[in-house]
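# Observations on the model geometry
Now for the letters of each chain:
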Amino acid sequence: MGLSVAEAAVLRGLHLVPVSFSSREKVKRTIQVGQTDIRIYGPSAREDVLSSVADEFPDVIVLDYTAPDSVNSNAELYCKLGLPFVMGTTGGNRQLLYKSVQDSKNYALISPQMGKQVVAFVALMRIFGEQFPGAYSGYHLEVLESHQASKKDTSGTAKDVIACFEKLGVPYDMNKMVKIRDPEQQLEMVGVPEEHIEGHAFHLYHLTSSDDSVSFEFQHNVCGRSIYAEGTIDAAIFLHRKVV
Ligand SMILES: NC(=O)C1=CN([C@@H]2O[C@H](COP(=O)(O)OP(=O)(O)OC[C@H]3O[C@@H](n4cnc5c(N)ncnc54)[C@H](OP(=O)(O)O)[C@@H]3O)[C@@H](O)[C@H]2O)C=CC1
Ligand SMILES: O=C(O)C1=N[C@H](C(=O)O)C[C@H](O)C1
């Protein structure tokens, strides 16, 4: 995602600050995105480098696509340095994440889903739950999500959609979610195109009435990363307008 977002930023004519980070100290030191050589720093340089970035680029927006176990420590550092950030990274302790931002009064836009059309679907599901609480009481929910094998956590988007079904009267045990990370199953059972095995997000929510006479299906299937990269750039521009 980091690379896709950097490429989308260049395509949109934004200035790319030539700095990125890795969780490893020993890492390839530069990558090129458009005409910009981006230097990659290890964790020990994180605070000093970000602090210099804050001084040198007062308009900067940090974009975070890292790993669930970095969510809280990264957010705390951005807040400490007063760096506005867009966080697409899922997982971590979400309540603590929101509290860190609120307590620091830093600016942040945080979402487990940056694809605007999927965000619109989740928003619709929220309205659905608010307008028709309990309308599906007695129904049974099954959820399947399939992502690239490197995804470490459960889909954050699925968790948000499930919260809407719960408002509609359908309780759900998160341990029952079918999480598919095996490429063979993705090809044969889920129907993910081969070229997107390493970057896809397929979600299926299936509701059935207690007597099995009625069923509903909701599905959102994303191939590749562009929907998130484009949404992230829109999010960064939106956040920047709030900050200035
Ligand atoms: N909100 C949204 O719409 C979307 C959210 N995501 C989420 O974004 C996150 C990243 O996804 P994705 O890019 O596919 O994952 P990848 O595993 O492909 O990339 C994550 C990168 O983060 C780096 N990284 C990990 N920890 C740190 C750290 N502490 N500091 C700096 N760099 C770090 C890793 O590099 P290295 O090994 O060098 O440390 C790795 O290259 C996941 O949580 C995913 O679920 C993904 C797509 C859309
Ligand atoms: O890791 C991913 O790829 C994605 N993660 C987000 C999530 O957990 O909901 C969004 C989308 O599913 C892609």
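Computed from a predicted structure; not experimentally measured. (Residues numbered from 1 in each chain as written. Chains lettered and ligands numbered in written order. Predicted model: local features only at pLDDT ≥ 70, side-chain atom pairs only at ≥ 80, totals over all residues. Heavy atoms only, no water.)

### A few points about the nonpolar core
Spelled out, the test is: Buried Ala, Val, Leu, Ile, Met, Phe, Trp, Tyr and Cys residues form a nonpolar core when they are joined through side-chain atoms within 4.5 Å. Three labels apply to residues, based on accessible area from a 1.4 Å probe with only protein chains included: buried if under 20% of the type maximum, exposed if over 50%, partly exposed otherwise in between. We count a stretch as a helix when DSSP gives it H or I for four or more residues in a row; a strand needs E for two or more, and each element gets its number in order from the N terminus. Any two residues having at least one pair of non-hydrogen atoms within 4.5 Å are treated as being in contact.
With 30 residues, the main nonpolar core has V86, M125, L141, F165 and Y205 as its most contacted residues. For this core, the elements supplying multiple residues, two or more each, are α5 (116-131), β7 (140-147), α6 (156-167), β9 (200-208), β10 (215-223) and α8 (226-243). Those residues in contact with L141 that lie beyond four places of it in its chain are I162, F165, V170, Y172, Y205, H206 and L207. If you look at the next biggest cluster of nonpolar residues, it comprises 17 residues, including V60, V62, Y78 and M87.

### Here we look at the UniProt feature "domain: Dihydrodipicolinate reductase C-terminal" (unreviewed entry) in the protein chain
Which entries qualify depends on this criterion: UniProt positions are given in the numbering used here, feature names are shortened, and annotations may be inferred rather than shown by experiment.
Per the UniProt entry, the sites bearing "domain: Dihydrodipicolinate reductase C-terminal" (unreviewed entry) are residues 119-241 in this numbering. Helix makes up 40% of residues 119-241 and strand 24%, whereas the separation of the span's terminal C-alpha atoms amounts to 20 Å.

### Looking at the site of ligand 2
The condition is simple: Whether a residue is near a molecule or strand depends on its heavy atoms: if one lies within 4 Å, it is near. For the purposes of these results, a polar contact is taken to be a pair of N or O atoms within 3.5 Å, where, inside protein, one atom must be able to donate a hydrogen and its partner to accept one; residues adjacent in sequence count only when each atom of the pair is a side-chain atom. Here the accessible surface of atoms and residues is derived via Shrake-Rupley with a 1.4 Å probe, and residues count as covered only by protein chains that are part of the display. We call Asp, Glu, Lys and Arg charged. Ala, Val, Leu, Ile, Met, Phe, Trp, Tyr, Cys and Pro are nonpolar, and the rest, Gly among them, are polar.
Among the 13 residues in the neighbourhood of ligand 2, the closest are listed as H147, Q148, K151, G156 and T157. In the environment of ligand 2, an oxygen atom lies 3.2 Å from a nitrogen or oxygen atom belonging to the side chain of S155. Relative to its unbound accessible area of 320 Å², ligand 2 is 90% covered by the protein chains. Listing elements by their share of the shell around ligand 2, those giving two or more residues are α6 and β9. Here the shell around ligand 2 is built from residues that sort into three nonpolar, eight polar and two charged.

### Digging into the UniProt feature "domain: Dihydrodipicolinate reductase N-terminal" (unreviewed entry) in the protein chain
Under the UniProt annotation, "domain: Dihydrodipicolinate reductase N-terminal" (unreviewed entry) lies at residues 1-104. Within the segment residues 1-104, helix and strand shares are 41% and 18% respectively, and the terminal C-alpha atoms sit 27 Å apart.

### Some thoughts on the packing of aromatic side chains
Put simply, the rule is: In this scheme Phe, Tyr and Trp rings, the latter by its six-membered ring, pair at centre separations within 6.5 Å, and the angle between planes marks the pair as stacked below 30 degrees, edge-to-face above 60, and tilted otherwise.
For the structure on display, the rule yields nine aromatic pairs. A ring pair is formed by F128 and Y136, whose centres lie 5.8 Å apart and whose planes are at 75°; its orientation type is edge-to-face. With centroids separated by 6.3 Å and ring planes inclined at 55°, the aromatic side chains of Y139 and F216 adopt a geometry described as tilted. In this pair, Y139 sits in the loop between α5 and β7 while F216 sits in strand β10, placing the two residues 77 residues apart along the sequence. Three or more aromatic residues joined by ring pairs form one cluster here, namely F128, F132, Y136, Y139 and F216.

### Observations regarding α8
Put simply, the rule is: Take the residue count of a helix, subtract one, and multiply by 1.5 Å to get its expected span.
Between the first and last C-alpha of α8 there are 26 Å, a value that for 18 residues agrees with the 26 Å anticipated at 1.5 Å per step. For α8, the full list of buried residues reads I227, Y228, A229, G231, T232, I233, A235, A236 and L239.

### Concerning the pairing of β7
Heads up, the rule is: For two strands to pair, DSSP has to find at least two bridges joining them. Convention used here: a crossover is right-handed provided that the path from the first strand, over the helix, to the second strand proceeds clockwise when the strands point away from the viewer.
The buried fraction of β7 is high, at six of eight residues. Pairing of β7 with β9 involves eight bridges; the strand directions are antiparallel. Among the inter-strand pairings, E142 is bridged to a residue of β9, identified as H206. Pairing between β7 and strand β8 (residues 178-180): three bridges, direction parallel. By the bridge assignment for β8, S146 is matched with I180. Once the chain exits β7 it traverses α6 before rejoining the sheet at β8, and the crossover so formed is right-handed.

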